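Summary of the model geometry
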Amino acid sequence: MSDILVHTEAGVCTITFNRADKKNSLTEAMYAAMAGALEAARDDAAVRCVVFQGDMAIFSAGNDIGDFLQQSAQGTPQGDDGQRPVWRFLHTLAAFPKPLIAAVCGPAVGIGTTLLLHCDLVYAGDNAAFSLPFVNLGLCPEAASSLLLPQMLGYHRAAEALLLGEPFMAEAALEVGLVNRVVPPAECNALAQAQARKLAAKPLSALIETKRLMKAGQAAQVRARMDEEGASFARLMGGPAAREAFSAFMEKRKPDFSRC
Ligand code: COA
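Here the structure is a predicted model, which is why all the values come from computation and not from measurement.

Moving on to the packing of helix 5 (residues 145-153) against helix 10 (residues 219-237). Taken N-terminus to C-terminus, the directions of helix 5 and helix 10 make an angle of 125 degrees; their axes are 8 Å apart at the nearest point. Considering their axes alone, helix 5 and helix 10 lie oblique with respect to each other. Mapping the contact onto sequence places Ser145, Ser146, Leu147 and Leu148 in helix 5 and Gln221, Val222, Arg225 and Glu229 in helix 10. Counted by class, the contact of helix 5 with helix 10 contains 3 nonpolar, 3 polar and 2 charged residues.

Every regular strand shows the same layout, with side chains that alternate between the two sheet faces. Taken together, the 6 bridges between strand 1 (residues 4-9) and strand 2 (residues 12-17) define a ladder with antiparallel strand orientation. Bridge pairing in strand 2 links valine 6 to isoleucine 15. Hairpin remark: strand 1 followed by strand 2, antiparallel, with 2 residues in the connecting loop; positive phi at alanine 10, about 50 degrees.

Another aspect to go through is the site of the ligand. Around the ligand, a shell composed of 15 residues is seen, among which Lys22, Ala61, Asn63, Ile65 and Lys252 lie nearest. Here an oxygen atom of the ligand sits 2.5 Å away from a polar atom, N or O, in the side chain of lysine 22. Take alanine 61: an N or O atom from its main chain is 2.8 Å from a nitrogen atom of the ligand. Contact with the protein chains covers 65% of the free accessible surface of the ligand, which is 880 Å². Of the residues that constitute the shell around the ligand, the class distribution is 7 nonpolar, 3 polar and 5 charged.

Rules used in this analysis
- Residues numbered from 1 in each chain as written.
- Predicted model: local features only at pLDDT ≥ 70, side-chain atom pairs only at ≥ 80, totals over all residues.
- Heavy atoms only, no water.
- Axes fitted to C-alpha atoms, helices over the stretch in contact; angles between N-to-C directions.
- Helix = DSSP H or I, 4+ residues; strand = E, 2+ residues; numbered from the N terminus.
- Parallel < 35°, antiparallel > 145°, perpendicular 65-115°, else oblique.
- Contact = heavy atoms within 4.5 Å.
- Nonpolar A, V, L, I, M, F, W, Y, C, P; charged D, E, K, R; others polar.
- Pairing = 2+ DSSP bridges.
- Near = heavy atom within 4 Å.
- Polar contact = N/O pair within 3.5 Å; in protein donor to acceptor, adjacent residues only side chain to side chain.
- Areas by Shrake-Rupley, 256 points an atom, 1.4 Å probe, with all protein chains shown as cover.

And the structure:
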């Protein structure tokens, strides 16, 4: 079965991460599938809302670190040329005109958390754990999270999340406004679907215009920050700290940054 499942019903397109054995970590092929699904949902007038979900135990462990290691070793880090699947996915996500909902249970690591900054509604299981371990991987933030997270959390809490990279739990995410509601994990996907059905029954033109107005003034800033992050990310990906972090993860050992 595919690592990304896409199902459209009653105006709701649901994108399900389906790689549980690797904690729903995201490969290039998965980003390509998600970008394609989002582009199709954007262009299909019958789709009014998109839901991202994992299962009750895991949302996503973020980018596949084996993929990162390969790109870093090949000297082909993920520069943002707009064409690589991850950047195509992020740009489509950030500019997505219709409502986006996420249902998050278990770990949401790296892009598993930063993609939420572009969702309109986020529901979390009480086992959700959000983390942004970019620095721990020798990297920097992406998806305009270096802009959006300080705006949402305030500078010091964002610095704690981005510099230390330690997980914060669902209740803390609720307090800072990253999630709308915390529920038992068994109820989370169903709640997201119920909210999506409500949105799907509303006039699409009014939904799109309301979302556009709420985000007006920030779209260009988000795009510019994503470009800036993309350049830094690509440079750091090829550096010794990232290579050491990726190798250490794959070899199941602690990284040694004493020379980085
Ligand atoms: N990339 C590639 N493989 C990953 C992965 C990732 N991001 N996250 C987990 N996996 C793999 C593990 O290597 C392991 O594979 P194996 O069974 O072949 O050994 C399997 O998924 C299970 O992971 P494990 O770490 O044993 O699960 P856990 O429940 O103890 O912990 C996480 C779950 C998500 C907390 C932990 O896997 C983790 O921290 N992953 C890395 C997250 C990360 O740094 N992502 C990059 C963000 S930019």
